[in-house]
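Observations on the three-dimensional arrangement
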Amino acid sequence: MSAVEAATHPTAANLPALRRISTRFFRSELLLIFGRRRNWAGMAVLAAVPLIIAIAVKVTAPRPGGGGPDFLSSITSNGLFVALAALAVELPLFLPLAVSAIAGDAVAGEANLGTLRNLLAVPVHRTRLLAVKYAAIVVFAVAATALIAAVGALAGLVLFGGGPLTLLSGVQVPFGTGLVRLVLVCGYIAACLAALGAVGLFVSTLTEQPIGATIATLIFAITSHILDAIPQLDWLHPYLISHYWMAFGDLLRSPIATTSIWPGLGSAAAYTLIFLAAAWARFSSRDITS
Amino acid sequence: MTVSSTPVAPASQPHPPGGRHGHDPAVRTFGLTKRFRSGQVAVDGIDLDVPAGSVYGFLGPNGSGKTTTIRMLLGLVGPTSGQHELLGHPMPAGAGTALARIGALVEGPAFHPYLSGRANLRRLDAADRHADPRTSAARIDEALERVGLLAAAQKRYRAYSLGMRQRLALAGVLLQPRDLLILDEPTNGLDPQGTREVRTLITELARDGATVMLSTHLLSEVEQICTHVGVMHVGRLVAQAPLTQLRADATARVRVESRQPSLAVETLRRFGLTEILVEGEIVTAVLGDVVADRDGGPEKLISALVEDGVPVRGFGVVTPDLEDVFVSLTGEGFDVSG
């Protein structure tokens, strides 16, 4: 077909060539997650916790806290501990809830709206769709963790000041090193949440009800917490998804205690791989009747 | 412009679609079957043949398996057995290549409710690796313009009426040049004006060289804009032909109204007419080619009846319309309103 004919008859012969690498769909996915008001509200709740902690500690005397590393009592000595205390408080429920909401919505939400069939007919290859969805979940997990840490660190520095940081092992390190340790903590927590995100993505391929997928993913996380708290089941504990989550406190020792960190990362990687494979196996052969 | 006055005739629109597969049928299926897990057979061994350049009416009552067939064509649903080809590419292996040249609208519009119409199209375009990001904004506005939604482009989808939603879905199909459009009930939910506009649009797209496969339960839609038709009935393809052929196959009958039908029967029999039926005072018979035009045509029967002393009150030649043809194929009526 000549160029002239191509111009008069706009058939697909002059379709632009396939772009092997395109980040447009991924960016569109991020826009969908971070442009949605529901998710702003969720992130506002996540960001409110460090503010509440900082203000509460400022106006009252600190008391020893419950589970997890005890950061509350250290807050008055260094503002960075607001970030760590907030992460410790939000890791059991709020952060898993936020990740479950995003991951549960990933495929089931599109199926529920019917937009899934539009995307697949574009065409978006099913494997690519899952990859983009999961990448966006990981970005959200990192962003949610970083948001809490950033708000906590800022509020803490404003109310309690910075300076050298006394680590949990009693060693004092410069403020810069302390900041690096906080970033490591965020990375570790994000990796744990990304594993939960893989579980959520798998559940999301099973249903057309995003709320159902979210609740099921959250129940998975909470059941893990409950089982982890039953000493008689100690043989099971290393295999639970949340067993090593609170080990992030080990990153605040000098030297860093890796006895739980490495197994924690290994567990997260195993959960991620297994559930991504399951999601792919399920989604690549599923009939899209929504 | 009214669509009904300018039907697209198959012979007068010889536009081969672009690409090296131009001479392959746009859609071809071989014994395509879908049996759901419930055991229900939604589609039962159909052999579709949608010629390139045609406007193919995929006609059938609701629940006859049209949407399931379209979902199988697009790879959304895996067939239980059978194969199919799109634009000459065997599926599902050729899905990436074939689907990029196909615009599809499956079972009503579906978009993100809290995004604007334009943002929804932007998302669809972003997902398409064949789409050039530099021309994205221009193509989106052009598509919105073409379906008359440009003024409402900034509105959230949730505020759209059903008609606007249907148009947005069509705009999504028009983001790229297409060789084949697979449209599932594209006029569903539109008012008469919107229906006319969409049919005009489809006719224009077909004239520009695209093959159109249009699923519908409206016979009038097929009569107005289609060149070919395939009729679905309880999961089976009961007929498939160019519309002109179906019309030609419809056999004309003479109809004589008389107080003495038995006399009329004698006269008709003398001329060699067959399948003579008497119902009260009405006699009908297959005209066939026994009374050809060169012998005076059906008019000759009138004078013969009068000469034979048959008291004739009424006389006519009745050609069954397409609805009668389809009713005879499916044993059911079609919704012909709209």
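Residues numbered from 1 in each chain as written. Chains lettered and ligands numbered in written order. Predicted model: local features only at pLDDT ≥ 70, side-chain atom pairs only at ≥ 80, totals over all residues. Heavy atoms only, no water.

1. Observations concerning the nonpolar core
Counting residues in each nonpolar core, the largest one holds 160 residues, and the members touching the most others are L87, L95 and F248 of chain A together with L74, I182, L183 and M213 of chain B. Setting aside chain neighbours within four positions, we find L87 of chain A in contact with L95, T145, I148, A149, L182, V185, C186 and I189 of chain A. Core analysis: the next-biggest nonpolar cluster, separate from the first, contains twelve residues, A264, L273, L287 and L305 of chain B among them. (Core = buried A, V, L, I, M, F, W, Y, C linked by side-chain atoms within 4.5 Å. Buried < 20%, exposed > 50% of the residue type's maximum accessible area, 1.4 Å probe, protein only. Contact = heavy atoms within 4.5 Å.)

2. Things to note about the confidence of the model for chain B
The pLDDT averaged across chain B works out to 84; a share of 88% of its residues lies at or above 70. Contacts of residues 1–22 of chain B to residues separated by more than four positions or lying in other chains number 40 contacts, the stretch itself having pLDDT below 50. (pLDDT = per-residue confidence, 0-100.)

3. Notes on helix α9 (residues 210–228) of chain A
Residues and elements named next belong to chain A. Between its terminal C-alpha atoms α9 stretches 27 Å, which fits the 27 Å expected from 19 residues at 1.5 Å a residue. Among all positions in α9, only P210, A213, T214, T217, L218, A221 and S224 are buried. Down the axis of α9, the sector holding all buried residues measures 130°, keeping them to one side. Of the residues in α9, the exposed ones pointing more than 90 degrees away from the buried face are I211 and I226. Along its buried surface, α9 packs onto α5 (94–113) and α8 (175–204). (Helix = DSSP H or I, 4+ residues; strand = E, 2+ residues; numbered from the N terminus. Expected span 1.5 Å × (residues − 1). Arc of directions from axis to C-beta.)

4. Some details on the sheet that holds strand β8 (residues 180–184) of chain B
Whether parallel or antiparallel, the strands of a sheet pair through hydrogen bonds between backbone atoms. All names here are of chain B. Strand order in the open sheet formed by six strands is β7-β8-β9-β4-β10-β11, and the pairing between neighbours is mixed. The sheet is open, and its two borders are formed by β7 (102–105) and β11 (236–242), each paired with just one other strand. Geometrically, the sheet is characterised by an average inter-axis angle of 10° between neighbouring strands, direction not taken into account. Bridge count for strand β4 (residues 55–59) against strand β10 (residues 228–233) is four bridges, and the pairing is parallel. From the neighbouring strand, L59 faces β10, where its bridge partner is V231. Packed on one face of the sheet, helix α5 (residues 162–173) meets β7 and β8 and runs near 165° to β7. (Pairing = 2+ DSSP bridges. Axes fitted to C-alpha atoms, helices over the stretch in contact; angles between N-to-C directions.)

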